[in-house]
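Next come the chains, spelled out residue by residue.
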Amino acid sequence: MMDITGMLASRATGISVSGIRRIFDLGATLKDPINLSIGQPDFDVPEPIKAAAIDAIKNRRNGYSLTQGVKELRAAIKDRLREDLGWDTSDNETGLGALVTTGTSGGLHLAMMALLEPGDEAILADPYFVAYPNLVSLAGATPVYCDTYPDGKMTAARVEPLMTARTKCVLLNTPANPTGVVLSQVECDELAELCARRGVLLISDEIYDEFLFPESRTSLAADGKTMALPSPCRGAGTQDSVLLIRGFGKTFGLTGWRLGYAAGPRPLLREMAKLQQFTFVCAPTPLQYGCAAVAQADMQPIIADYANRRDMVVDRLSKLTDLPTPGGAFYAFARVPEKLGMTGTQFCEACIERNLLMIPGGAFSKRDTHFRLSFASPPDQIARGLDVIEEMIG
Ligand code: PMP
């Protein structure tokens, strides 16, 4: 018999899924768990977006699209980035201005593959989004961890000492998964300036760009009027030195549609498009037409609702333990109180025994001292989950 296991590439077998897998395996044994582990919103896709996708399917727009994306969606992205950042994402002779990708993950993967070589280093925050270290390793490079405890901020002052001659990129995520922490505009500018000065590409994963609570909107958009997301992409010249990655999945409740986009330095986007051509080919065509209609959806009532959930979580958790206040996204990352003498994994396992599912901090970090609570679940579930946590800690 063929030894398939022996054939497997170390780039695959070297990836460990044990931390989260164990929680999901344990969770699968529960009948009706209080599920505060999920990283996707609980609202339905807005009607105009659904209608545009259904219309595309019915009108036979089901074939491949250009690898860079359909014209209508690229036009919507171009408008959005002009209004928000003052970027001009027209294509020119040096490359594309924007690339539609298969989810934010697709954009991140293409960026790593187009940029990193064995021996290169990529700096990322600890705690980090689970995929980051693996995306860097898949490209043959080495992740370098920037300790951001306890406030979750990857600032220039924390990043600079980690930079070496091998550093090729810094991967920023604001608002962040798993902490919900949002950098200020000054902190974003300082990091962008440091990276530009050191000739290091800054990659800004802004998948939660719309999931921003009112007090976090501290910077003015390019139109000079709208209060917008603090972003390292707001300074002059940033379009040539920062790769911006955003997505549609979280904001519009369509994570299964697999749609995101990248914009920034055109020579890099051109190489990413070439790699996309021979891997993903294109993002799902009819769903691209759906997302071309996102400007018709008003998400503000939903964000306001999520801000209330955030307040409920912070009010109750901060009486029990330490956590940075989430300024965006839909996660809280709280410390397991030392008096319990438990790791994040032990705490989450004990919660599972009480029917509550959360993710241990060790899944997102070199430390296993915290737990991540997602408030993308209905408020009654969140309240019940907080009751369990109160009982465990109190
Ligand atoms: N970046 C971050 C920070 C995320 O939290 C996620 C999803 N949880 C992704 C990227 C991947 O998103 P997508 O579904 O668009 O690939």
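Residues numbered from 1 in each chain as written. Predicted model: local features only at pLDDT ≥ 70, side-chain atom pairs only at ≥ 80, totals over all residues. Heavy atoms only, no water.

A. Summary view of the site of the ligand. The environment of the ligand is formed by Gly 103, Thr 104, Ser 105, Phe 129, Tyr 132, Asn 173, Asn 177, Asp 205, Ile 207, Tyr 208, Lys 250 and Arg 258. At a separation of 2.5 Å, an oxygen atom of the ligand approaches a polar side-chain atom of Ser 105. Note that a nitrogen atom of the ligand is positioned 2.7 Å from one of the side-chain N or O atoms of Lys 250. Here the ligand has 400 Å² of accessible area as a free molecule, and 91% of this is covered by the chains. The element best represented in the shell around the ligand is helix H6 (residues 103-115), accounting for three residues. Tallied by class, residues from the shell around the ligand come to four nonpolar, five polar and three charged. (Near = heavy atom within 4 Å. Polar contact = N/O pair within 3.5 Å; in protein donor to acceptor, adjacent residues only side chain to side chain. Areas by Shrake-Rupley, 256 points an atom, 1.4 Å probe, with all protein chains shown as cover. Helix = DSSP H or I, 4+ residues; strand = E, 2+ residues; numbered from the N terminus. Nonpolar A, V, L, I, M, F, W, Y, C, P; charged D, E, K, R; others polar.)

B. How the structure looks around the domain arrangement of the protein chain. What the domain assignment lists for the protein chain is domain 1 (4-44 + 299-393) and domain 2 (62-296). Listed as interface residues are 31 residues of domain 1 and, on the opposing side, 33 residues of domain 2. Both sides of the domain 1 and domain 2 interface together cover about 2800 Å² of buried area, and 61% of this is carbon and sulfur. Looking at the side of domain 1 facing domain 2, the largest losses of area belong to Ile 303, Gly 327 and Phe 364, adding up to 19% of the total buried there. Along the contact surface separating domain 1 from domain 2 lie two salt bridges. In this structure, Arg 367 and Asp 147 form a salt bridge, with 2.6 Å as the shortest nitrogen-oxygen distance. In this assembly, domain 1 and domain 2 are joined by 15 residue pairs in polar contact (both at pLDDT 80 or more). (Domains from an automatic or database assignment. Contact = heavy atoms within 4.5 Å. Buried area = accessible area lost by both parts, 1.4 Å probe. Salt bridge = Lys/Arg side-chain N within 4 Å of Asp/Glu carboxyl O.)

C. Expanded view of the environment of Leu 201. Looking at the secondary structure, you find Leu 201 in strand E6 (residues 201-205). What makes Leu 201 buried here is its relative accessible area of 13%. If we skip the residues at most four places from it in the chain, Leu 201 touches Leu 115, Lys 168, Cys 169, Val 170, Ser 241, Val 242, Leu 243, Pro 265 and Leu 268. (Buried < 20%, exposed > 50% of the residue type's maximum accessible area, 1.4 Å probe, protein only.)

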